[in-house]
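Next come the chains, spelled out residue by residue.
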Amino acid sequence: MVQPRDPFLHRLTHLRRELEKLSAEQVASRATVDLDQTRIGRLSRADALQAQAMSRAVAERRAQAI
């Protein structure tokens, strides 16, 4: 009975490793956004905040999947 589960276990293990790898690669995109107005404009900051929020949401979905 154990053999039919092996392909599923292998696939789930592979998927988990892939999700963990992607999450580790995306750490920088979830970092705190620098709000220094002398360095970037308001729209650039808004874009950065939006990208950060999206990255955090993706990381949360990955964590739930794992």
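What you see is a predicted model; the values in this text were computed from it and never measured.

(A) Here's a closer look at the overall build of the protein. Assigned secondary structure in the protein consists of 2 helices and 0 strands. Buried residues in the protein amount to 14% of all 66 residues. Here the protein has roughly 5700 Å² of accessible surface; of this, 57% comes from carbon and sulfur atoms.

(B) Region of the structure containing the side chain of serine 23. Residue placement: serine 23 occurs in helix α1 (residues 2-25). With a relative accessible area of 19%, serine 23 lands in the buried category.

(C) Structural context of helix α2 (residues 42-65). With 24 residues, α2 should cover 34 Å at 1.5 Å per step; its first-to-last C-alpha distance of 35 Å lies within 8% of that length. Within the span of α2, buried status applies to Arg45, Gln52, Ser55, Ala59 and Arg62.

What counts as what
Residues numbered from 1 in each chain as written. Predicted model: local features only at pLDDT ≥ 70, side-chain atom pairs only at ≥ 80, totals over all residues. Heavy atoms only, no water. Helix = DSSP H or I, 4+ residues; strand = E, 2+ residues; numbered from the N terminus. Buried < 20%, exposed > 50% of the residue type's maximum accessible area, 1.4 Å probe, protein only. Areas by Shrake-Rupley, 256 points an atom, 1.4 Å probe, with all protein chains shown as cover. Expected span 1.5 Å × (residues − 1).

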